[in-house]
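The lines below spell out each chain.
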Amino acid sequence: MNKPFSPVRKTQIIFNGPRVKRSLCAVAAFSTIASLCGCASIDSGGFQNYQHSAIAHQQAIESGAATQTSVKELSSALPPGSATPAVQPGEHFASSGKLIKLSLADALVIGLKNNPTLLVQRYNPALSEEQIVAQRGAFDPTVTAGVQASKNRVPTSGGYVTASGGYIPGSQHFGTTDSGNANVGLNEKLPTGTSISATMNSGLNDGENGGGQSTTVNGSITVTQALLQGGNLQANLAGIESAKIGKKISDYQLRGEALTITDDVVQAYWAYALAQQNVHILKTALNVAQQQEDQTKELIRVGRTSPSEFAPAAAQTAVTREQLVSAVGAMKIARLNLLSLIAPADRPFWQDQLDLTTLPYIPGGPSAPLKEHTELALKMSPVLNQTRLQIEQGDLSVIQTRNGLLPVLNMFITFGKTGYAESFGPASENLNGSAYQLVGGLSFNYPIFNRTPTANYQSAVLSRDQEEAALANTVRTVELSVRTAYIQAETDKQQITATAATTEAQAETLRATQGEFKVGESTAIQVSLAQSNLLAARLAQAQANVAYLDALSTLYLQEGSLLERCHIRAPGAVAVKPIGPSWLRRWPDGVFH
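Residues numbered from 1 in each chain as written. Predicted model: local features only at pLDDT ≥ 70, side-chain atom pairs only at ≥ 80, totals over all residues. Heavy atoms only, no water.

**Overview of the overall build of the protein**
As a reminder of what qualifies: Strands here mean DSSP runs of E at least two residues long; helices mean DSSP runs of H or I at least four residues long; both are numbered from the N terminus. Only protein chains enter the calculation, and the probe is 1.4 Å; a residue is then buried if its accessible area is under 20% of its type maximum, exposed if over 50%, and partly exposed in between. The contact criterion used is simple: two residues touch if any of their non-hydrogen atoms lie within 4.5 Å.
When its secondary structure is counted, the protein shows 13 helices and twelve strands. When each of the 593 residues of the protein is scored for burial, the buried share is 41%. Long-range pairs, those at least 24 residues apart, make up 79% of the contacts in the protein between residues at least 6 apart in sequence.

Dropping the structure here:
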């Protein structure tokens with residue numbers, strides 16, 4: 001029967017992106033989980049505002065606002081009370097070979113914490129954050145400075161050249177000239193395409209025959225404005241905006257990886273639980289078969305049945321024992337698969353034994369019509385959101401490369417003042433004089449064929465159109481996956497009822513057949529057949545329960561809500577706004593792309 005979903009406590013685990021150390025993989029995670037509370041979280045690192053928006057979106061999902069449908073809340077993918085890890089202090093992977101109690105919530109938390117792929121993926125958002133900083137660096141001011149000094153010694157009275165080409169030096173009198181220069185400047189490039197340059201130069205000249213020491217101080221400011229290429233604000237900021245979008249893409253990639261890992265852990269957990277159930281069912285069946293064999297042997301001994309009835313009973317025992325051997329092997333493999341997903345990478349996980357505390361149950365199932373699950377998937381699917389963001393990056397690339405098609409036409413103006421004196425102090429004071437220098441003009445540059453910028457622009461347009469085509473294909477794929485998973489979940493839910501009825505009928509048949517066998521009205525073959533049918537029905541019933549849990553996990557994975565249903569917060573919880581076709585997206589540069 002369906003179990004009601006009660007409010008559950010949640011677990012908070014924060015991962016700090018680039019500060020993730022190898023200690024995160026340490027087995028101490030088991031001993032610390034029990035003391036934490038809140039909601040499990042995968043932090044991409046460096047994006048502090050993410051958590052508030054993720055919480056707000058999760059609350060919107062739970063209230064039904066996210067889908068704009070009649071859905072009032074998301075049913076949890078975990079059974080009631082299992083969201084709080086049951087791991088006790090001291091129980092961890094360090095004690096290899098020790099029996100570890102593990103709930104489904106424990107498996108999810110530890111699996112997300114220790115998964116090596118996710119540990120690597122967590123660095124990408126932080127790396128993307130650094131790309132934003134690097135793009136902003138294009139508009140950082142630049143300071144320039146320099147100093148130089150020289151000393152020249154030349155003869156003051158020259159010699160003369162003879163008719164034969166020789167040189168006769170004159171009197172040996174030399175003149176010495178000392179000179180020096182220092183400069184400092186500040187350059188700034190603005191997103192508007194404006195470049196500002198301020199410089200200050202000071203020159204010193206001291207010559208024996210040059211009238212003594214003279215000092216020159218010159219200050220100037222040059223402003224250059226790009227009128228065509230480089231003058232578009234959106235094109236100049238495209239690099240920064242593209243890096244910001246790249247940060248969001250890395251968040252959705254991290255979310256997609258977390259979704260996949262969560263589904264893998266859920267599937268592996270239920271697979272191991274099913275394998276344990278199968279072993280238990282087969283052990284029970286083997287005991288029943290053994291009892292039937294012993295009973296048949298006793299009936300033969302007292303002469304109440306023919307000796308030929310012993311062979312079917314013994315055969316049923318042998319077949320059940322064979323199935324049990326296979327089931328035990330499958331259970332061991334299922335245990336290894338689960339351990340490989342949750343154990344730290346540097347631990348000998350194959351030595352650990354698990355005691356699963358969350359048993360397969362019958363959940364409430366999809367709480368909304370198929371249409372609402374599809375609408376949620378179209379908003380929350382990480383693949384769709386990544387593709388939408390890549391299209392936005394394509395739009396920015398189109399703007400950037402389109403600006404490169406224009407000629408270079410710059411207008412510049414320079415204002416400068418110069419002061420003269422015998423020393424630096426008076427020369428600086430003379431800058432206040434009425435003398436000045438004012439220079440203005442235009443500069444033009446344009447390649448005759450301009451083939452490289454044209455090819456870059458066409459490539460940007462084609463790449464953006466390619467992403468749009470990929471989005472349409474991805475939408476179809478997501479819709480197909482959700483609809484298929486929904487139908488599978490509904491089918492598996494019906495199978496639970498059907499297999500339960502079959503099990504009950506087969507159990508009644510076995511009881512009747514065994515009763516008839518005791519009074520000699522049925523044969524051992526009929527009893528063995530009834531035992532076989534009941535065993536198959538019980539195995540099928542257990543498989544139906546787990547298949548339904550797996551189908552729900554797959555459905556929630558495809559619609560992008562599995563993390564929220566498992567009480568896990570991750571980046572990318574806010575859907576990207578839908579975008580229209582490219583010919584409807586008009587940018588402030590006044591050009592349709």
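Don't stop here, the text continues.
**As for the confidence of the model for the protein**
Detailed reading of the predicted model is not advised wherever pLDDT is low. What counts is decided by this rule: The pLDDT score gives, residue by residue, the confidence of the prediction method on a 0 to 100 scale.
Confidence in the prediction for the protein averages 77 pLDDT; 75% of positions are at 70 or higher. Note on residues 1-39: pLDDT is under 50 here. Beyond four places in sequence and across chains, it has 102 contacts. pLDDT under 50 marks residues 61-73. Its contacts with residues more than four places away, or in other chains, come to 27 contacts.

**Side note on the environment of A318**
Take A318: it is sitting in helix α7 (residues 310-342). We classify A318 as partly exposed; its relative accessible area is 41%. Residues A318 and A289, spaced 29 residues apart in sequence, show a C-alpha to C-alpha distance of 8.8 Å.

**Considerations on the side chain of Q121**
Assignment of secondary structure puts Q121 in helix α4 (residues 116-121). Those residues in contact with Q121 that sit more than four places away from it in its chain are Q253, L254 and E257.

**Regarding helix α6 (residues 233-301)**
We count it as follows: Take the residue count of a helix, subtract one, and multiply by 1.5 Å to get its expected span. Two axes enter the bend calculation: one fitted to the seven residues ending at the residue in question, the other to the seven starting there, and the bend is the angle between them. The definition of a polar contact used here is a pair of N or O atoms within 3.5 Å, where within protein one atom must be able to donate a hydrogen and the other to accept one, and adjacent residues in sequence count solely through side-chain atom pairs.
With 69 residues, α6 should cover 102 Å at 1.5 Å per step; its first-to-last C-alpha distance of 101 Å lies within 8% of that length. Residue G239 marks the point of greatest curvature in α6, where the axis turns by about 40°. One side-chain oxygen at the N-terminal end of α6 lies 2.8 Å from the backbone nitrogen of Q234; it belongs to N232. Just downstream of α6, G303 is the residue with a positive phi angle, here 80°.

**Let's talk about the pattern of salt bridges**
Defined as follows: Within this document, salt bridges are pairs made up of a side-chain nitrogen of Lys or Arg and a carboxyl oxygen of Asp or Glu, the two lying within 4 Å of each other.
Under the defined criterion, the tally for this structure stands at nine salt bridges. R255 is the partner of E564 in a salt bridge, and the nearest nitrogen-oxygen pair spans 2.8 Å. Of this pair, E564 sits in helix α13 (residues 562-565) while R255 sits in helix α6, and the two are 309 residues apart along the sequence. Exposure class is identical for E564 and R255. Each is buried. When the shortest N-O distance is used, the salt bridge between E508 and R511 registers 2.5 Å. One end of the pair is E508 and the other is R511, both in helix α11 (residues 451-518) and three residues apart, which spans about a single turn. The exposure class of E508 is partly exposed, given its relative accessible area of 44%. In this structure R511 comes out as partly exposed when scored by relative accessible area, which is 44%.

**What to know about a nonpolar patch on the surface**
How we decide: Two joining distances apply to patches: 9 Å for like charges and 5 Å for nonpolar side chains (Val, Leu, Ile, Met, Phe, Trp, Tyr), and every residue must have over 30% relative accessible area and no salt bridge. Here, Shrake-Rupley sampling with a 1.4 Å probe gives the accessible areas, and only protein chains in the shown set may cover a residue.
Taken together, the side chains of I196, I221, V223, I413, F415, Y436 and L438 present a nonpolar region at the surface, about 640 Å² in accessible area. Relative to the helices and strands, I196 is located in strand β7 (residues 194-207). For I196, a relative accessible area of 33% gives the class partly exposed.

**Points about helix α12 (residues 524-559)**
Here α12 spans 52 Å end to end across 36 residues, near enough to the 52 Å set by a 1.5 Å rise per residue. Just downstream of α12, G560 is the residue with a positive phi angle, here 85°.

**Concerning the packing of helix α8 (residues 370-380) against helix α9 (residues 382-403)**
Heads up, the condition is: Angles shown run from 0 to 180 degrees and are taken between the N-to-C directions of axes, each axis being a line fitted to C-alpha atoms and, for helices, limited to the stretch in contact. Any angle that falls under 35 degrees is termed roughly parallel, while one over 145 is termed roughly antiparallel, one within 65 to 115 roughly perpendicular, and all others oblique. Three categories are distinguished: nonpolar for Ala, Val, Leu, Ile, Met, Phe, Trp, Tyr, Cys and Pro, charged for Asp, Glu, Lys and Arg, and polar for the others, with Gly belonging to the last.
Between α8 and α9, whose axes approach to 6 Å, the crossing angle comes to 45°. By the criterion of interaxial angle, the relationship of α8 to α9 is oblique. On α9, the residues touching A377, L378, K379 and M380 of α8 are P382, L384, N385 and R388. Looking at the contact of α8 with α9, its residues break down into five nonpolar, one polar and two charged.

**Describing the nonpolar core**
Where we set the bar: As used here, the term nonpolar core means buried Ala, Val, Leu, Ile, Met, Phe, Trp, Tyr and Cys residues forming a set that is joined through side-chain atoms within 4.5 Å.
Residues L102, L108, Y269, W270, L338, L354 and L356 are the most contacted members of the largest nonpolar core, which totals 66 residues. For this core, the element with the highest residue contribution is α6, accounting for 18 residues. Membership of the second largest hydrophobic core comes to eight residues, among which are A507, F517, A524 and L534.

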